[in-house]
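Listed below are the residues making up each chain.
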Amino acid sequence: MAILLIELYGTLVVSLMLPCSPAEASHLLIEEAVLVALDESGLVGPGDTGDEAAPSLLSRFLTAFNRLVAGYRRTRCRTLLRVRVDETDGAKSVAYTCIRYRYDAVEDSFVPAAEGIKVFPSVARRRLLRGGLAHDECARLQRLIGSNEITVQLPTVFQSLVAEFSSVFYVIQSMGCWVDLGYYLWNVGALLLIVMLVTGSVKALTVVRPQKKKLHELAKHDTDVVALRDGEWTTIRSTAVVMGDLLRIDEQQELVCDGFLLDGTAVLDESALTGEPMPVHKVAVDEGCEDFDRRNAVYA
């Protein structure tokens, strides 16, 4: 019952939100597309034919149940994001799936903050001769795009239990248990309810949450890198790397971001990306090339 009340509260909060323009919004509601498992047009009950005008009772029941499940899944696939306002320049931004979006007054919508930022080989070489990015420019880019990190939220024990027991399966199972408790055999209903709570809790706390904890620790990668800042090779944290930085990569060093080779060669293991077990040889961009290509691309 508590799980249902929590889900109902979240649904009411979303339903009572007033629509407005992105420029005035304090929150954004992201609704992901949900694939419906059942096709209403193809539902045929026992004794039905494709030419019958009136569907059978089973077809109507399956159609109604399909709509109910689809609506419930759409509610669970909604994400409420808080619009953050930068104290420096007053720019509005939101973060979704590890990407920062900033409000664009021309488009009247939130667009990726890194949109339009591209470094060509000629620009990178001139930046190398000038001594890299300035600290002020790095601070501006970090405010604009955000830190070089992937944030994976680790749910608490309570959040893990709520996420587990708010699925359609447990909602239907709990309804059956309460029917048994109130109208039929209370001992059978109590036994089924206890089994459901124990198995769901074990799954949420010993299977699902440990997997998310491993993903959280895997994404939390922070190490030292050497970047060219204000004419000096400076050691910084990998989370402080911004787009356009010039990094010096030593032998056997892990890459902290995607990029392109401006000088030298590299042998990389891209098996996690392409499935190719053999190392891949990368070369620096040729002099006079207008853009980078896959031969120069390196991936973290």
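All figures in this text were calculated on a predicted structure; none of them were measured in a lab.

1. Topic: the pairing of strand β7 (residues 224-229)
Thought 1: A large share of β7 lies buried, amounting to five of its six residues.
Thought 2: In this sheet, strand β8 (residues 232-237) lies alongside β7 in antiparallel orientation, the contact comprising six bridges. Pairing of aspartate 224 across the sheet is with arginine 237, part of β8.
Thought 3: The turn linking β7 back onto β8 is made up of two residues, and aspartate 230 within it adopts a positive phi angle of 55 degrees.
Thought 4: Bridge analysis of β7 against strand β9 (residues 247-248) gives two bridges, and the strand direction is antiparallel. Within β9, the position partnered with valine 226 by the bridge is arginine 248.

2. Topic: the packing of aromatic side chains
Within a pair of aromatic rings, the relevant descriptors are the distance that separates the centres and the angle that separates the planes.
Thought 1: Scanning all chains against the criterion turns up four aromatic pairs.
Thought 2: Pairing phenylalanine 165 with tyrosine 170 gives two aromatic rings, centres 5.1 Å apart and planes at 65 degrees, and the pair type is edge-to-face.
Thought 3: Exposure remark for tyrosine 170: the relative accessible area of 8% places this residue in the buried category.
Thought 4: Ring geometry for phenylalanine 260 against phenylalanine 292: centres 4.5 Å apart, planes inclined by 15 degrees, an arrangement best described as stacked. With phenylalanine 260 in strand β10 (residues 259-260) and phenylalanine 292 in the loop between β12 (280-283) and β13 (297-298), the pair connects residues that are 32 residues apart, well separated along the chain.
Thought 5: The buried category is assigned to phenylalanine 292, whose relative accessible area is 14%.
Thought 6: Above the ring of phenylalanine 120, the side-chain terminus of lysine 118 is found at 5.5 Å from the ring centroid.

3. Here we look at the nonpolar core
Thought 1: Within the largest apolar cluster, seven residues are counted, these being Ala25, Leu28, Leu81, Val83, Val94, Tyr96 and Phe110.
Thought 2: Not counting chain neighbours up to four residues away, the residues in contact with phenylalanine 110 comprise Pro22, Leu28, Val83, Lys92, Ser93, Val94, Tyr101, Arg102 and Tyr103.
Thought 3: In terms of nonpolar packing, the next biggest core, distinct from the first, is built from six residues, Ala124, Leu228, Leu246 and Val285 among them.

4. Here's the deal with the UniProt feature "transmembrane region" (unreviewed entry) in the protein chain
Thought 1: Those places that UniProt annotates as "transmembrane region" (unreviewed entry) correspond, in this numbering, to residues 184-205.
Thought 2: Overall, residues 184-205 shows 91% helix and 0% strand. The separation of its end C-alpha atoms is 32 Å.

5. Some details on the environment of serine 147
Thought 1: By the secondary structure assignment, serine 147 is in the loop between α4 (135-145) and α5 (157-165).
Thought 2: By relative accessible area, which is 39% here, serine 147 ends up partly exposed.
Thought 3: Along the backbone, serine 147 and alanine 240 are 93 residues apart, and their C-alpha atoms lie at a distance of 6.0 Å.
Thought 4: For serine 147, the contacting residues outside a window of four places in its chain are Gln142 and Thr239.

6. Notes on the packing of α5 against helix α7 (residues 186-219)
Thought 1: Two numbers describe how α5 lies on α7: the axes approach to 9 Å, and their chain directions differ by 120 degrees. In this view, α5 runs oblique relative to α7, as classed from their interaxial angle. Seen from above, α5 lies across α7 with right-handed handedness. Of the residues in α7, those in contact with Val157, Ser160, Leu161, Glu164 and Phe165 of α5 are Met196, Leu197, Gly200, Ser201, Lys203, Ala204, Leu205, Val208 and Arg209.

7. Observations concerning the environment of glutamine 142
Thought 1: Its place among the elements puts glutamine 142 in helix α4.
Thought 2: Look at glutamine 142 and you get partly exposed, because its relative accessible area is 26%.
Thought 3: Taking the C-alpha atoms as reference, glutamine 142 lies 7.4 Å from alanine 240; in sequence the two are 98 residues apart.
Thought 4: From its side chain, glutamine 142 meets the backbone oxygen of threonine 239 in a polar contact 3.2 Å long.

8. Some points on the sheet that holds β7
Thought 1: Taken in spatial order, the three strands of this open sheet run β8-β7-β9, and their pairing is antiparallel. The strands lining the two open edges of the sheet, one partner per strand, are β8 and β9.

9. Looking at the side chain of serine 238
Thought 1: Mapped onto the fold, serine 238 is located in the loop between β8 and β9.
Thought 2: Beyond its immediate chain neighbours, meaning those up to four positions away, serine 238 contacts Asn148, His221, Asp222, Thr223, Val225 and Val256.

10. Observations concerning unusual backbone geometry
Thought 1: Although it is not a glycine, aspartate 108 adopts a positive phi angle of roughly 55 degrees.
Thought 2: Here aspartate 108 shows up in the loop between β5 (99-104) and β6 (109-112).
Thought 3: For aspartate 108, a relative accessible area of 36% translates into the label partly exposed.
Thought 4: We note that glutamine 252 has phi near 65 degrees; this positive angle belongs to a residue other than glycine.
Thought 5: By secondary structure assignment, the location of glutamine 252 is in the loop between β9 and β10.
Thought 6: Residue glutamine 252 is classed as exposed on the basis of its relative accessible area, which comes to 76%.

About the criteria used
- Residues numbered from 1 in each chain as written.
- Predicted model: local features only at pLDDT ≥ 70, side-chain atom pairs only at ≥ 80, totals over all residues.
- Heavy atoms only, no water.
- Buried < 20%, exposed > 50% of the residue type's maximum accessible area, 1.4 Å probe, protein only.
- Helix = DSSP H or I, 4+ residues; strand = E, 2+ residues; numbered from the N terminus.
- Pairing = 2+ DSSP bridges.
- Phe/Tyr/Trp six-rings, centres within 6.5 Å; stacked < 30°, edge-to-face > 60°.
- Lys NZ or Arg CZ within 6 Å of the ring centre and 35° of its normal.
- Core = buried A, V, L, I, M, F, W, Y, C linked by side-chain atoms within 4.5 Å.
- Contact = heavy atoms within 4.5 Å.
- UniProt positions renumbered as here; feature names shortened; annotations may be inferred.
- Axes fitted to C-alpha atoms, helices over the stretch in contact; angles between N-to-C directions.
- Parallel < 35°, antiparallel > 145°, perpendicular 65-115°, else oblique.
- Left-handed = near helix turned anticlockwise from the far one by under 90°.
- Polar contact = N/O pair within 3.5 Å; in protein donor to acceptor, adjacent residues only side chain to side chain.

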